[in-house]
Amino acid sequence: MARLELDDLTKVFTDDDGGEVVAVEEVSIDIADGEFLVLVGPSGCGKSTTLRMIAGLETVSDGRIRLGDRVIDDKKPQDRDIAMVFQSYALYPHMTVRGNMSFGLEESTEMPDDEIRTLVDDTAGMLGIAELLERTPTELSGGQRQRVALGRAIVREPEVFLMDEPLSNLDAKLRSEMRTELQRLQEDLDTTTVYVTHDQTEAMTMGDRIAILNDGRLQQVATPLEAYHQPANRFVAGFIGEPSMNFFDVEVQGDQLVHAPAGDTSAGEFSYPISADTRESLQATSRATLGIRPEDIEIVGAAESGRDFDTTVDVVEPMGDENNLYLGFSADSERTFVATVGGMRRVEEGQPAVARVPESAIHLFDADTGGALQNRTLRDAAATEPEL
Ligand code: ADP
Ligand code: MG
């Protein structure tokens, strides 16, 4: 078992026209021994390239990779003690499940045949595929193939597992089952794991910590709840959470945030009073982005303060346990924002609603850099939630 350190990792590709594509730029992450780290970000942000550099399938343009106390970025893939699981499974179609799981050990270790047999049997038992060992991949379902691909990685007993969107070919129900199973498995094996996904739900539910990547650059490394409540910037705030955080462009005018949509000459829809503390965290900022999560907006009976807004319900999206309300500041407003309320609450499209935006729940971001100027306070949440 080992700690994995990525130190200023950079990858520059040369495209067909000879131009340079910076796929990964100075990414540094220190992954603890036994940690489950999820690397998450939109398609094309450099996740697979990062993983492939760790595996040795792609050369490093700049930076260092250390595993334990060894530098490994100059080592061949087979000498790195790392096993990778791909989205496509990459099983040998003509070999049985047993053949697929044994092959790597037969090729690159001195392990005696009977030991390999026992190890494969045990691992197959652990993954619930013992009765499939003599079948070929074409005789398996997608979920079963995914288990075989995992089993093949597990029997290698590597220092590190790398997984590149391993569940994305499975249907939604199986995916959520495998999510839980993979987590349990990783906990039992206690093997350092880097798991890549574009799905923020997977990242939130699976990771000890998550590393959020955008455009080749690392945005934040944090526990899922830190990333959710204390996002480092507007990108993270918008990427983590479903439905997304609501954002409003505002101008800072004294003790008011005046809505002023960027690139839009029409008048803003509201002004929002702020306390002296909030004013102070804005310092000299003149334009900012106000963020509020849908579940932090309360729908109340009547407006009581300047932080309560008259709106009209444009669309109701029933989710069963919750309703997502798309609210407009006026009946014909084209701009809507989302508030989440309980699923049993009766709400009709077109009806008026008063939306309360508590100051303790707002986030503020610099309009130019996107960096967080103020995140929501967790004091009130911590005080009211009993410990389990
Ligand atoms: P992700 O896995 O996050 O979707 P990738 O790591 O596959 O993203 O790709 C990151 C960026 O690098 C993309 O812009 C992609 O087009 C580019 N890229 C990936 N592989 C190559 C390559 N072999 N040659 C040129 N550009 C590449
Ligand atoms: Mg990818």
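Here's a quick rundown of the structure. (Residues numbered from 1 in each chain as written. Chains lettered and ligands numbered in written order. Predicted model: local features only at pLDDT ≥ 70, side-chain atom pairs only at ≥ 80, totals over all residues. Heavy atoms only, no water.)

## Some details on the site of ligand 1
Okay, step 1: Surrounding ligand 1, one finds Phe 13, Ala 23, Pro 42, Ser 43, Gly 44, Cys 45, Gly 46, Lys 47, Ser 48 and Thr 49.
Okay, step 2: Between ligand 1 and Ser 48, the relevant distance is 2.8 Å, taken from an oxygen atom to a side-chain nitrogen or oxygen of the residue.
Okay, step 3: The contact in question runs from an oxygen atom of ligand 1 to an N or O atom on the side chain of Thr 49, over 2.5 Å.
Okay, step 4: Against a free-state accessible area of 570 Å², the protein chains account for coverage of 60% of ligand 1.
Okay, step 5: Of all the cavities here, the one that holds ligand 1 is the second largest pocket.
Okay, step 6: In terms of residue count, the dominant contributor to the shell around ligand 1 is helix H1 (residues 47-55) (three residues).
Okay, step 7: Along the lines of polarity and charge, the residues of the shell around ligand 1 split into four nonpolar, five polar and one charged. (Near = heavy atom within 4 Å. Polar contact = N/O pair within 3.5 Å; in protein donor to acceptor, adjacent residues only side chain to side chain. Areas by Shrake-Rupley, 256 points an atom, 1.4 Å probe, with all protein chains shown as cover. 1 Å grid on protein atoms, 1.4 Å probe; cavity = no way out; pocket = protein on both sides within 12 Å on 5 of 7 lines; lining within 4 Å. Sits in = over half its atoms within 2 Å of the grid points. Helix = DSSP H or I, 4+ residues; strand = E, 2+ residues; numbered from the N terminus. Nonpolar A, V, L, I, M, F, W, Y, C, P; charged D, E, K, R; others polar.)

## Comments concerning helix H4 (residues 142-154)
Okay, step 1: With 13 residues, H4 should cover 18 Å at 1.5 Å per step; its first-to-last C-alpha distance of 18 Å lies within 8% of that length.
Okay, step 2: Within H4, ten of the 13 residues are buried, leaving the element largely enclosed by the surrounding structure.
Okay, step 3: Regarding H4, the residues found buried are Gly 143, Gln 146, Arg 147, Val 148, Ala 149, Leu 150, Gly 151, Arg 152, Ala 153 and Ile 154.
Okay, step 4: Buried residues along H4 sit in contact with strand E6 (82-85), helix H2 (97-108), helix H3 (113-127), strand E7 (160-164) and helix H5 (172-189). (Expected span 1.5 Å × (residues − 1). Buried < 20%, exposed > 50% of the residue type's maximum accessible area, 1.4 Å probe, protein only. Contact = heavy atoms within 4.5 Å.)

## So, the nonpolar core
Okay, step 1: Formed by 43 residues in total, the largest nonpolar core has its most connected members in Val 38, Met 101, Ile 129 and Tyr 195.
Okay, step 2: Among all residues touching Ile 129, those that are not within four sequence positions of it are Val 97, Met 101, Ala 124, Arg 147 and Val 148.
Okay, step 3: By size, the runner-up hydrophobic cluster in this structure holds 29 residues, among which are Phe 248, Val 250, Val 252 and Ala 355. (Core = buried A, V, L, I, M, F, W, Y, C linked by side-chain atoms within 4.5 Å.)

## A few points about the layout of surface pockets
Okay, step 1: In this structure, the largest pocket occupies an estimated 730 Å³ of space.
Okay, step 2: Breaking the lining of the largest pocket down by element, the ones donating at least two residues are E6, H2 and H4.
Okay, step 3: Here the lining of the largest pocket takes six residues from H2, the largest share from any one element.
Okay, step 4: Across the lining of the largest pocket, the residue classes break down as 16 nonpolar, five polar and seven charged.
Okay, step 5: Taken together, 14 residues form the lining of the second largest pocket, with Gly 44, Cys 45, Gly 46, Lys 47 and Thr 49 sitting closest to its centre.
Okay, step 6: Of the residues contributing to the lining of the second largest pocket, the split by class is five nonpolar, five polar and four charged. (Points joined across faces, edges and corners; volume = space filled by probe spheres on them.)

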